[in-house]
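In case you want the letters, here they are:
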Amino acid sequence: MDLSYTPEEEEFRARLREWLAKVLPTLPAKPSPDDWPARRAYDLGWQRTLHDAGYAEVHWDASPTTRLIFLEETERAGAPYVGANFVGLLHAGPTIAAEGTAGQRARWLPPILRGEEVWCQGFSEPDAGSDLAALRTRAWRDGDDYVVSGSKIWTSHAEVADWCELLVRTDPDAPRHRGITWLAMPMDADGITVRPLRTLAGSAEFAEVFLDEVRVPAGNRVGAENDGWRVTMVTLSFERGTAFVGEVVACRRVLGELARAARENGRWDDPVLRRRFGRLEAEFRALWRLTQWNVSAAETGGGVPGTGASVFKLRYSHARQELYDAAADVLGPDRLDLDRPWVIDRLSSLSYTIAAGTSQIQRTIVAERILGLPRGR
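Cut-offs used in this document
Residues numbered from 1 in each chain as written. Predicted model: local features only at pLDDT ≥ 70, side-chain atom pairs only at ≥ 80, totals over all residues. Heavy atoms only, no water. Helix = DSSP H or I, 4+ residues; strand = E, 2+ residues; numbered from the N terminus. Rg over C-alpha atoms; globule rule 2.2 N^0.38 Å. Buried < 20%, exposed > 50% of the residue type's maximum accessible area, 1.4 Å probe, protein only. Lys, Arg positive; Asp, Glu negative; His and termini not counted. Charge placed at Lys NZ, Arg CZ, Asp CG, Glu CD. Core = buried A, V, L, I, M, F, W, Y, C linked by side-chain atoms within 4.5 Å. Contact = heavy atoms within 4.5 Å. Domains from an automatic or database assignment. Buried area = accessible area lost by both parts, 1.4 Å probe. Salt bridge = Lys/Arg side-chain N within 4 Å of Asp/Glu carboxyl O. Polar contact = N/O pair within 3.5 Å; in protein donor to acceptor, adjacent residues only side chain to side chain. Nonpolar A, V, L, I, M, F, W, Y, C, P; charged D, E, K, R; others polar. 1 Å grid on protein atoms, 1.4 Å probe; cavity = no way out; pocket = protein on both sides within 12 Å on 5 of 7 lines; lining within 4 Å. Points joined across faces, edges and corners; volume = space filled by probe spheres on them. Pairing = 2+ DSSP bridges. Phe/Tyr/Trp six-rings, centres within 6.5 Å; stacked < 30°, edge-to-face > 60°. Lys NZ or Arg CZ within 6 Å of the ring centre and 35° of its normal.

### Details of the overall build of the protein chain
Here's step 1: Scanning the protein chain for helices and strands turns up 11 helices and 8 strands.
Here's step 2: Whereas a compact globule of 377 residues would reach a radius of gyration of roughly 21 Å, the protein chain reaches 21 Å, a difference of no more than 12%.
Here's step 3: Dimensions of the protein chain, computed from the C-alpha atoms along their principal axes, are close to 70 × 50 × 45 Å.
Here's step 4: When the 377 residues of the protein chain are sorted by exposure, 51% land in the buried category.
Here's step 5: Placing the 47 positive and 54 negative side-chain charges of the protein chain at their respective mean positions leaves the two points 5 Å apart.

Written as structure tokens, this is what we have:
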């Protein structure tokens, strides 16, 4: 497999670098992490800037390799993160692009790309987190609508979202994976209650969402009724594949910062720490090569990441935790000072072996779908 870049791709990289160098110094200051309405406005503003410059379409109308270059260069340049646009740009949008009708793509994709609408993800439930197929939120057909009742938890950006990518059970008598449907739910519909959740790191980007006979037009169904599990696998392949590309670049940058800090405070003299840094450098280099391999495989697979995304997600989650454990060693007695660099990120890293599919789930996928091992009994 050829992992090198073509002259056209390198030209795109150079053009993007030049544009970022001009635009980033002109951006306004980032709002407070706790002010989600302001963060929504800031994130949408950045997305509009990308759209006006012709870079918004890179998420869906460009090759996976071009998308990889875009994510790599924006992270290296310190450009704003997708933030509130995370679900729309990296989950729901690619899923609609791959599975939606022409009308659905025309309705939902342009507002995401133009920075006009925010999406949240309504997948997990109190009794169906890692075991997503155990979800109980019920939807039944009533004329031209589905009527939805139930609850969701860990719903990303629900408090500022316009739409929710929602998984519901439309056939309670079918086998677990065959009675699920993927809906696009307007967040201003009657019967929706949002209750923000505060994380260990102090942020509130997640929420509980309670649904009391919410009416969702049947035309908002993506894919066929009861075929939502297959559509969901498309969503999760994006979530576990290209969605973390920028974070790998960020982790390599943090590793360099930690090495400089260790030299300054004397902890670099510890040979165990130096070996740890060397292993982490090799780890993130390998993860970057795996990312390139996954993207190259997606090029020949219609643009949708394959099961290799689970290999990446599994190893990246643990590598990120190991990176910030190393940061704690560098900080020493200041490792719990929330005002010091890397401390909040260390707390956030604890969730990575749970979020976007637990490590146990990823191991099962790798065992069954890649290695061909028999299912456990």
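And the narrative resumes.
### Concerning the nonpolar core
Here's step 1: By size, the foremost hydrophobic cluster in this structure holds 43 residues, and its most contacted members are Phe277 and Leu323.
Here's step 2: Only helix 1 (7-23), helix 2 (36-52), helix 3 (64-76), helix 7 (245-265), helix 8 (271-299) and helix 9 (308-331) provide two or more residues apiece to this core.
Here's step 3: With 10 residues, the single largest contributor to this core is helix 7.
Here's step 4: Apart from residues lying up to four places away in sequence, Leu323 is in contact with Cys251, Val254, Leu255, Leu258, Leu280 and Phe284.
Here's step 5: Counting 27 residues, the second-largest nonpolar core is a separate cluster that includes Leu90, Ile180, Trp182 and Ala184.

### A word on the domain arrangement of the protein chain
Here's step 1: For the protein chain, the assigned domains are domain 1 (7-113), domain 2 (119-225) and domain 3 (245-370).
Here's step 2: A separation of 23 Å is found between the C-alpha centroids of domain 1 and domain 3.
Here's step 3: Taken together, the contacts link 11 residues of domain 1 with 14 residues of domain 3.
Here's step 4: When domain 1 packs against domain 3, the two sides together hide about 970 Å² of surface, and 67% of this comes from carbon and sulfur.
Here's step 5: Considering only the side of domain 1, the residues that lose the most area to domain 3 are Pro64, Leu68 and Glu75, jointly responsible for 54% of the buried surface there.
Here's step 6: Counting every contact that joins domain 1 to domain 3 gives 1 salt bridge.
Here's step 7: Run the count over domain 1 and domain 3 and you get 1 residue pair in polar contact (both at pLDDT 80 or more).
Here's step 8: Residue contributions to the side of domain 1 that touches domain 3 peak at 8 residues, all from helix 3.
Here's step 9: Looking at the side of domain 1 that touches domain 3, its residues break down into 5 nonpolar, 2 polar and 4 charged.

### With respect to the environment of Tyr55
Here's step 1: Tracing the sequence through the fold places Tyr55 in the loop between helix 2 and helix 3.
Here's step 2: With sequence-adjacent residues up to four places away left out, Tyr55 is seen in contact with Phe12, Arg15, Leu16, Trp19, Leu50 and Phe70.

### Considerations on the environment of Glu264
Here's step 1: Summarising the element assignment, Glu264 is placed in helix 7.
Here's step 2: For Glu264, a relative accessible area of 69% translates into the label exposed.
Here's step 3: Between the alpha carbons of Glu264 and Glu368 there is a distance of 47 Å; along the sequence they are 104 residues apart.

### Here we look at empty space enclosed by the protein
Here's step 1: Tallying each qualifying case throughout the model produces 3 cavities of 30 Å³ or more.
Here's step 2: In this structure, the largest cavity spans a volume of roughly 230 Å³.
Here's step 3: In terms of lining residues, the largest cavity is bounded by 20 residues, among which Leu71, Thr74, Pro80, Tyr81 and Val82 are the most central.
Here's step 4: Class assignment of the residues belonging to the lining of the largest cavity gives a composition of 11 nonpolar, 6 polar and 3 charged.

### A look at the pairing of strand 5 (residues 180-186)
Here's step 1: The element strand 5 is largely enclosed, with a buried count of 7 among its 7 residues.
Here's step 2: Here strand 5 shows no split at all, with Ile180, Trp182, Ala184 and Pro186 on one side and Thr181, Leu183 and Met185 on the other all buried.
Here's step 3: Where strand 4 (residues 163-169) meets strand 5, 7 bridges bridge the pair, whose relative direction is antiparallel. Across the sheet, Trp163 pairs through a bridge with Pro186, a residue of strand 5.
Here's step 4: Two elements, strand 5 and strand 8 (residues 221-222), share 2 bridges in a ladder whose sense is antiparallel. Across the sheet, residue Leu183 finds its bridge partner in strand 8, namely Arg221.

### Looking at the pairing of strand 7 (residues 206-217)
Here's step 1: The sheet contact formed by strand 3 (residues 145-152) and strand 7 spans 7 bridges and is antiparallel. Considered in strand 7, the bridge of Val147 is made with Arg215.
Here's step 2: One ladder, built from 6 bridges, connects strand 6 (residues 192-197) with strand 7; its direction is antiparallel. Considered in strand 7, the bridge of Pro196 is made with Ala207.

### Structural notes on the packing of aromatic side chains
Here's step 1: Counted by the stated rule, this structure contains 10 aromatic pairs.
Here's step 2: Grouped by ring-pair contacts, the aromatic residues Phe12, Trp19, Trp46 and Tyr55 constitute a single cluster.
Here's step 3: Over the ring of Tyr146 we find Arg141; its NZ or CZ atom is 5.4 Å from the centre of that ring.

### Examining the pattern of salt bridges
Here's step 1: By the definition in use, this model includes 27 salt bridges.
Here's step 2: A salt bridge links Glu116 to Arg114; its shortest N-O distance comes to 2.8 Å.
Here's step 3: Overall, Glu116 belongs to the partly exposed group, its relative accessible area being 39%.

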